[in-house]
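Observations on the model geometry
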Amino acid sequence: MTTTATNSALRAQVFAKVAEIAGICVEELRDDTTLDSLGMDSSDAVILAMEVEETAGREIDVGIFLRFPTIGAAAAEIERLAAEESP
Amino acid sequence: MSLHPGIPISPIDITTPEFARAPLANFDTIRRTGPVVYVPSARATLLLRRSDVTAALRNEKLRAMNYPGVWSKVGARLGRDYDAVIRLFSYMPFMQEGSRHETLRNAFATGLARVAGGTPHFAASVAGKVAAMRRQGGADIARNLSRHLLFDIMCDVMQIPTDERSEIRPMANMSWAIESSITLRQRDEFANRARICIDYLSAHARASIGRTGPGFLSELYEALPAHMNDKFAAVAMFATILFVMGNDAAGACVSMGVERLLDPALPSPPQVQWASVSDDIIRYAAPVDFMLRTAAADTEVAGCPLAKGQHIFASVFAANHDPEAFGERHLDLTRESDVGLAFGAGRHLCVGRRLTRTVVKIAFEALAGLPTMRLSGAPLHGKGTAVRTLESLPVEFT
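So, here's what we can say about the structure. Bear in mind that the values here come from a model prediction, so they are computed numbers and not experimental data.

With that settled, consider the overall build of chain B. The secondary structure content of chain B amounts to 16 helices and 12 strands. Its C-alpha atoms give chain B a radius of gyration of 21 Å, near enough to 21 Å, the size a compact globule of 398 residues would have. Relative to its 398 residues, chain B shows a buried fraction of 58%. In chain B, the share of contacts with a sequence separation of at least 24, taken over all contacts with a separation of at least 6, comes to 72%. Surface exposure of chain B reaches about 15700 Å², of which carbon and sulfur atoms provide 51%. Here chain B holds 44 positive side-chain charges and 39 negative ones, and the gap between their average locations is 2 Å.

Right, dumping it as structure tokens:
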């Protein structure tokens, strides 16, 4: 799988996990959706990072969903970090 | 986005290891924005001013954070057994409120009162470590002294044989586990270590209380309510808490104190007088920072409204270096200063306050007997961001 394809899959995994934990359909999520708007608190953000890590099979900074205000921004950061790691 | 129009966003993220490595400079940067800022990554309002921090810590509407909550959620969601950790947290007085807080705090304080002023074990344990440093002709203050300072003292007090300490020793450097943004692997590691330590100490308490005469463990046991289930386990919890929280805190006061005392750019008393400024060193280092509180009801902090459910960080480190309170004297070390807010304030004032002051003073008294030291390498910081420690501080004898 190319790096671009890998990162698209990563982004999809992030959005899927957010939807799963928030209990909504992934189609309802947008890039500018915040965890707060989904009723998710800081402990949910921590769990989200851990679950994305388990699903994606790569280490994810646990605080990433706390540092980036929208799920789009967090997903972009995860993609950026993954691209840095790729050869 | 800040919670209140009058509260600016912090220019620096305080929850990073980078912040923890240079808190003095970083807090100065934040203060240029204001004495009260909002930290988005922590979803909390940060207080820096001594008066605001003191008021917040004494505010009855600001309650202890639900630390176990994250562990429960993560454990349930990801199929992990974190029961030992959740139980351990349920015995930490600073994580409780109401009658449970009172009960635990009273029992812990009663037990600690027996040893807080020092026993012969204290000086002997420290002397042993310092003698080893002298024989080596140099040392690492953190690795050779502070990283297991309180741990070994309390193991001696509790008559835990030296050859039985290796499995429980790691708990003495795991205060980072109280932070919410630790990884899953770190949670698993802490849970495993906690189980081992609690099991060992429960068995040790059961074997020694009532059989080896009055002592710290017996005092703790007797101070617990008669109706409490498994008081031996409760005693083990208290001892584990001393290891997890107390050791890193006391040790960091010593190592960060030495780092400051040996800084050639700042005036300091001579090494033989270090013990005379030990309280001010504790103020200066204030390693247990970011007292986290949640509003149990609508209230006000630093003149700003805080709604029920919202969080604040009260930085005792920033308060202990508040220019409004100290001017430029906050960098000085004198006999006249006390510990400031290093142990917090209000109902959650650290129950280990007197013990820590004693241990730090004894450590500096022992260091006074060594040849004159100077720093011989860069410090290596621990991974905690709320409890700041040094993993290494190499020194050489001149």
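Now that the structure has been shown, we can carry on.
A separate point is the overall build of chain A. Regarding its fold elements, chain A presents 4 helices and 0 strands. Secondary structure elements in chain A, listed N-terminal to C-terminal, are α-α-α-α. A compact globule built from 87 residues would reach a C-alpha radius of gyration of about 12 Å, and chain A, at 12 Å, matches this within 12%. For chain A, the spread of C-alpha atoms along the principal axes amounts to about 40 × 25 × 20 Å. Looking at chain A as a whole, 44% of its 87 residues are labelled buried. The long-range share in chain A, meaning contacts at least 24 apart out of those at least 6 apart in sequence, stands at 53%. Roughly 4200 Å² of accessible area belongs to chain A as shown, and the carbon and sulfur atoms make up 51% of that amount. When the 6 basic and 17 acidic side-chain charges of chain A are each reduced to a single mean position, those positions are 5 Å apart.

Quick look at the packing of aromatic side chains now. Residues and elements named next belong to chain B. Taken as a whole and judged by the stated rule, the model has 15 aromatic pairs over all chains. Considering the side-chain rings of phenylalanine 19 and phenylalanine 27, the 5.0 Å spacing of their centres and the 90° angle between planes classify their relative orientation as edge-to-face. Neither residue differs from the other here; phenylalanine 19 and phenylalanine 27 are each classed as buried. By the ring-pair criterion, three or more aromatic residues cluster together here, those being Phe19, Phe27, Phe290, Phe313 and Phe317. Across the ring face of tyrosine 284, the terminal group of arginine 260 is positioned such that the distance to the ring centre comes to 5.5 Å.

Attention now goes to the nonpolar core. Phe65 of chain A together with Leu46, Met154, Phe190, Phe216, Phe243 and Leu367 of chain B are the most contacted members of the largest nonpolar core, which has 167 residues in total. Top contributing element to this core by residue count: helix α12 (residues 231–261) of chain B, with 19 residues. Sequence-distant contacts of phenylalanine 190 of chain B, that is, excluding residues within four places in its chain, are made with Trp71, Val85, Leu88, Phe89, Met171, Met174, Ala177 and Val244 of chain B.

Moving on, we come to the packing of helix α6 (residues 98–113) of chain B against α12 of chain B. All names here are of chain B. At their nearest, the axes of α6 and α12 sit 11 Å apart, and the two run at 75° to each other. In this view, α6 runs roughly perpendicular relative to α12, as classed from their interaxial angle. Between α6, through Leu104, Ala107, Phe108 and Leu112, and α12, the contact on the second element is made entirely by Phe238, Ile241 and Leu242. Among the residues making up the contact of α6 with α12, the classes are represented as 7 nonpolar, no polar and no charged.

Okay, the interface of chain A and chain B next. Contact residues are listed per partner, giving 20 residues for chain A and 19 residues for chain B. Of the roughly 1600 Å² buried between chain A and chain B on both sides combined, carbon and sulfur atoms contribute 53%. For the chain A face of the interface with chain B, the top three residues by lost area are Met50, Leu66 and Arg67 of chain A, together amounting to 33%. Inspection of the region where chain A meets chain B yields 8 salt bridges. A salt bridge links glutamate 20 of chain A to arginine 77 of chain B; the shortest N-O distance between them is 2.6 Å. Applying the counting rule to chain A against chain B returns 8 residue pairs in polar contact (both at pLDDT 80 or more). Taken together, the elements giving at least two residues each to the side of chain A that touches chain B come down to α1 (3–22), α2 (42–56) and α3 (64–67) of chain A. Tallying contributions element by element places α2 of chain A first for the side of chain A that touches chain B, with 8 residues.

Criteria and thresholds
Residues numbered from 1 in each chain as written. Chains lettered and ligands numbered in written order. Predicted model: local features only at pLDDT ≥ 70, side-chain atom pairs only at ≥ 80, totals over all residues. Heavy atoms only, no water. Helix = DSSP H or I, 4+ residues; strand = E, 2+ residues; numbered from the N terminus. Rg over C-alpha atoms; globule rule 2.2 N^0.38 Å. Buried < 20%, exposed > 50% of the residue type's maximum accessible area, 1.4 Å probe, protein only. Contact = heavy atoms within 4.5 Å. Areas by Shrake-Rupley, 256 points an atom, 1.4 Å probe, with all protein chains shown as cover. Lys, Arg positive; Asp, Glu negative; His and termini not counted. Charge placed at Lys NZ, Arg CZ, Asp CG, Glu CD. Phe/Tyr/Trp six-rings, centres within 6.5 Å; stacked < 30°, edge-to-face > 60°. Lys NZ or Arg CZ within 6 Å of the ring centre and 35° of its normal. Core = buried A, V, L, I, M, F, W, Y, C linked by side-chain atoms within 4.5 Å. Axes fitted to C-alpha atoms, helices over the stretch in contact; angles between N-to-C directions. Parallel < 35°, antiparallel > 145°, perpendicular 65-115°, else oblique. Nonpolar A, V, L, I, M, F, W, Y, C, P; charged D, E, K, R; others polar. Buried area = accessible area lost by both parts, 1.4 Å probe. Salt bridge = Lys/Arg side-chain N within 4 Å of Asp/Glu carboxyl O. Polar contact = N/O pair within 3.5 Å; in protein donor to acceptor, adjacent residues only side chain to side chain.

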